[in-house]
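Given next are the chains, with one letter for each unit.
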Amino acid sequence: MGSAASNFLSSSAAKNEPQIKMHKFSHLKYLPLMLFQLLLMVLFFIFVRYDGDKHHDLRGFEGTHVMIFVGFGFLMTFLKKYSYSALGFNWFLAAIVIQWAFLCQNFYHLKDNKILATKETLLEADIMAATVLITFGALLGLASGLQLLFIAIVEVAIACANFYLVGDILKAADVGGSIAIHTFGAYFGLGTSWAMKPHHKKTSTAPTATSAAVDLNGPTYISDVTAMIGSLFLWIYWPSFNSALTTTNSEYQRAVINTYLALASATVTTFVMSSVVSKHHGKLDMVHIQNSTLAGGVAVGSVCNMHIMPGGAVAIGIGAGLLSVLGYRFLTPLLTKWGIRDTCGVNNLHGMPGIYSGLLSVLFAALATSDEYGSDLGAVFGAMGGDGSRTATSQALYQLYATLATIVIATIGGAFTGLFAKLSFLSPLKDNEHYDDDVNWELP
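So, how was this worked out
Residues numbered from 1 in each chain as written. Predicted model: local features only at pLDDT ≥ 70, side-chain atom pairs only at ≥ 80, totals over all residues. Heavy atoms only, no water. Helix = DSSP H or I, 4+ residues; strand = E, 2+ residues; numbered from the N terminus. Buried < 20%, exposed > 50% of the residue type's maximum accessible area, 1.4 Å probe, protein only. Contact = heavy atoms within 4.5 Å. Areas by Shrake-Rupley, 256 points an atom, 1.4 Å probe, with all protein chains shown as cover. Salt bridge = Lys/Arg side-chain N within 4 Å of Asp/Glu carboxyl O. Phe/Tyr/Trp six-rings, centres within 6.5 Å; stacked < 30°, edge-to-face > 60°. Axes fitted to C-alpha atoms, helices over the stretch in contact; angles between N-to-C directions. Parallel < 35°, antiparallel > 145°, perpendicular 65-115°, else oblique. Left-handed = near helix turned anticlockwise from the far one by under 90°. Core = buried A, V, L, I, M, F, W, Y, C linked by side-chain atoms within 4.5 Å. Polar contact = N/O pair within 3.5 Å; in protein donor to acceptor, adjacent residues only side chain to side chain. Expected span 1.5 Å × (residues − 1). Bend = angle between axes of the 7 residues up to and from the residue. pLDDT = per-residue confidence, 0-100. Lys, Arg positive; Asp, Glu negative; His and termini not counted.

Student: Please clarify how the overall build of the chain should be interpreted in this entry.
Tutor: In terms of regular secondary structure, the chain is built from 17 helices and two strands. Counting only residues that meet the buried cut, the chain has 49% of its 444 residues in that class. Within the chain, contacts between residues separated by at least 24 positions form 84% of all contacts whose residues are at least 6 apart in sequence. Within the structure as shown, the chain displays about 20700 Å² of accessible surface, and the carbon and sulfur contribution to it stands at 66%.

Student: Teacher, can you tell me more about the pattern of salt bridges here?
Tutor: Opposite charge on two side chains lets them pair, provided their charged atoms get close. Here the structure, examined in full by the defined rule, presents three salt bridges. In this structure, Lys 119 and Glu 62 form a salt bridge, with 3.4 Å as the shortest nitrogen-oxygen distance. One end of the pair, Lys 119, is in helix α5 (residues 119–138); the other, Glu 62, is in helix α3 (residues 61–75), with 57 residues separating them in the sequence. The salt bridge involving Asp 376 is made with Arg 254; its shortest N-O contact spans 3.1 Å. Separated by 122 residues along the polypeptide, Asp 376 in the loop between α15 (370–373) and α16 (377–380) and Arg 254 in helix α10 (residues 249–276) bring together distant segments of the chain.

Student: What am I meant to see in the packing of aromatic side chains here?
Tutor: To describe a pair of aromatic rings, one takes the distance between the centres and the angle between the planes. Enumeration over the complete set of coordinates arrives at 13 aromatic pairs. A ring pair is formed by Phe 36 and Trp 100, whose centres lie 5.5 Å apart and whose planes are at 75°; its orientation type is edge-to-face. You can see Phe 36 sitting in helix α2 (residues 31–47) and its partner Trp 100 sitting in helix α4 (residues 83–106), a full 64 residues away along the chain. The buried category is assigned to Phe 36, whose relative accessible area is 14%. The exposure class assigned to Trp 100 is buried, which follows from its relative accessible area of 17%. Ring geometry for Tyr 84 and Trp 441: centres 5.8 Å apart, planes at 80°, overall edge-to-face. On the criterion of sequence distance, the pair formed by Tyr 84 in helix α4 and Trp 441 in the segment after α17 (392–421) is long-range, its members being 357 residues apart. Its relative accessible area of 30% is what places Trp 441 among the partly exposed residues.

Student: Quick question: what am I supposed to make of the packing of helix α13 (residues 310–337) against helix α14 (residues 346–367) here?
Tutor: For any two helices packed against each other, the geometry is given by the interaxial angle and the distance between the axes. For the pair α13 and α14, interaxial distance at closest approach is 9 Å and the crossing angle is 140°. As far as their axial angle goes, α14 and α13 are oblique. The hand of the α13/α14 crossing is right-handed. Facing Ala 315, Ile 316, Gly 319, Ala 320, Leu 323, Ser 324, Gly 327, Tyr 328, Leu 331, Thr 332 and Leu 335 of α13, the residues of α14 in contact are Asn 347, Asn 348, Leu 349, Met 352, Pro 353, Tyr 356, Leu 360 and Phe 364.

Student: I keep staring at the nonpolar core and nothing clicks. Help me out?
Tutor: Where a protein is soluble and globular, its nonpolar side chains tend to be buried together. Leu 140, Met 306 and Phe 381 are the most contacted members of the largest nonpolar core, which has 104 residues in total. Considering each element in turn, this core owes the most residues, 12 residues, to α4. Every residue in contact with Met 306, bar those within four places of it in the chain, is listed here: Ala 173, Arg 254, Asn 258, Ser 361, Phe 364, Tyr 373, Val 380 and Phe 381.

Student: What is the right way to look at the packing of helix α7 (residues 178–196) against α14 in this model?
Tutor: Contact pair α7 / α14: the axes reach a minimum separation of 8 Å and the direction vectors enclose 140°. As the angle between them shows, α7 and α14 are arranged oblique. Here α7 runs over α14; the crossing is left-handed. Residues Ser 178, Ile 179, His 182, Thr 183, Ala 186, Tyr 187 and Leu 190 of α7 form the contact with α14, whose participating residues are Val 346, Asn 347, His 350, Gly 351, Met 352, Gly 354, Ile 355, Ser 357, Gly 358 and Ser 361.

Student: What exactly am I supposed to notice about the side chain of Ser 361 here?
Tutor: Structurally, Ser 361 is set in helix α14. A distance of 2.6 Å separates a polar side-chain atom of Ser 361 from the backbone oxygen of Gly 358.

Student: Just to check I follow, could you spell out α3 for this structure?
Tutor: Compared with the 21 Å implied by 1.5 Å per residue over 15 residues, the 20 Å span of α3 between its first and last C-alpha is a close match. At Met 67, α3 shows its largest kink, close to 35°. Buried within α3 we find Phe 61, Gly 63, Thr 64, Met 67, Ile 68, Gly 71, Phe 72, Gly 73 and Leu 75. Contacts made by the buried residues of α3 are with α4, α5, α9 (221–243), α11 (286–291) and α14.

Student: Even after reading the chapter, I still don't get the environment of Ser 243, so can you show me in this structure?
Tutor: Relative to the elements of secondary structure, Ser 243 occurs in helix α9. On the accessibility criterion, Ser 243 (3% relative accessible area) is buried. In this structure the C-alpha to C-alpha distance between Ser 243 and Gly 176, which are 67 residues apart in sequence, comes to 6.7 Å. From its side chain, Ser 243 meets the backbone oxygen of Pro 239 in a polar contact 2.7 Å long.

Student: I'm lost on the confidence of the model for the chain in this one. Help?
Tutor: Any region with low pLDDT has predicted coordinates that should not be read closely. With 89% of its residues at a pLDDT of 70 or more, the chain has an overall mean of 90. For the stretch residues 4–22, pLDDT sits under 50, and the model shows four contacts to residues farther than four places along the chain or on other chains. Taken together, the stretch residues 202–207 has pLDDT below 50 and engages in zero contacts with residues farther than four places along the chain or on a different chain.

Student: Looking at this structure, I do not really get unusual backbone geometry. What am I missing?
Tutor: Comment: phi is negative for the bulk of residues other than glycine, and the bulk of peptide bonds are trans. Phi is positive for Asn 113, which is not a glycine, with a value near 60°. Look at Ser 427: it is not a glycine, yet its phi comes out positive at around 55°. Looking at the secondary structure, you find Ser 427 in the segment after α17.

Student: Hey, could you run me through the side chain of Asp 174 in this one?
Tutor: Within the fold, Asp 174 resides in the loop between α6 (145–169) and α7. Although Asp 174 lies buried, it forms no salt bridge, and the closest oppositely charged side chain, Arg 390, sits 13 Å away as judged by the N-O distance. Here Ile 179 takes part through its backbone nitrogen, which lies 3.1 Å from a polar atom of the side chain of Asp 174. Within the structure, Asp 174 has its side chain in polar contact with the side chain of Ser 302 (distance 2.7 Å). Those residues in contact with Asp 174 that lie beyond four places of it in its chain are Ile 179, Ala 180 and Ser 302.

Student: Before we go on, may I ask you to explain the environment of Gly 297 in this structure?
Tutor: On the secondary structure map, Gly 297 appears in helix α12 (residues 295–299). For Gly 297, a relative accessible area of 0% translates into the label buried. With 121 residues separating them in the primary sequence, Gly 297 and Gly 176 have C-alpha atoms 8.7 Å apart. Those residues in contact with Gly 297 that lie beyond four places of it in its chain are Trp 238, Asn 242, Thr 259 and Leu 263.

If you want it as structure tokens, here you go:
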């Protein structure tokens, strides 16, 4: 074969290969994160010391750790070609967020200008990582690695301020974090997604550059199975997450029992409702099974340590399953039409169940009495027991304020963060790069 023919064939093949534009300094794109890590190291040297007086062994530390790194990571592996990013960026984000959140949370509680490190403060940082990973779920496949890391750093600062507002200023009861963690993470993510949406308009009905990305926005049989690994880990360890920050044995037992029952009833409801709303003759939808089964854990989070009764926990789980499945079936398509992309449906798993939990906390705070709670009243509602002067009605109002403030702060904070995340130095993805590991990873 002549050289001309060989050159023609090689050039034709090259035209058929996907063209990846390589930037001159692309190999240095994550270097600023190393600089941020070094800054964190310096701050830890300056401010953080061990607290030798603390020996309390928290029950939920290891379970929460598994949820953050295994549960959330594998839950997001359902996309066809985004499993490397789902697991890898989940790990990357959580590792940097835990350190940054540890500092941000405890700068509000300095003692002699020092942060005293305990297992409890580390656990609180671990829990704060869940906020960022919920936001990650909304933006899954839509944001570059640099954008995700930028969003995480900004979000932690805002979320920790909101956490301080909810817990220390408003003194709202939220032991499972349904208000300050789940609701905040979901609506921060939706606000960011809205701000980052593309503004170009279609000019014809011909196939567009986004068609390849749209094809990747979905599961395969195997990827859905791996995502179920995440669902099951989250389901198993959710009682540990909700009960991790309880302070008395009776409070801990209520949190575990109520969470377990709410998860179980939400799971049964999810399977039934998934069949009821199916477009395909009563078949089950794996999206519902992977996500809505967990909604009971979110919905009971703010009230899991309260006297809601086991029957109440079951009822809450049923309500959460209904709310979540209906959200996936009817609300998610509507949000997409409005230009709010939510890849994992975090509004249905974390957002609406989180608001549901916040409203339930209003109800059960209003019903709380010292006769019912005894010495636990101060443990559950810090501003009511002991020297606390709040009435049940007043506490209920503060629960409502905390829920509303969280929604507003998260949505507005997310929207502004999303606008900044579109800056070119953060390497925003092009439409045809969405949901594709090839942008960030060496693939086999």
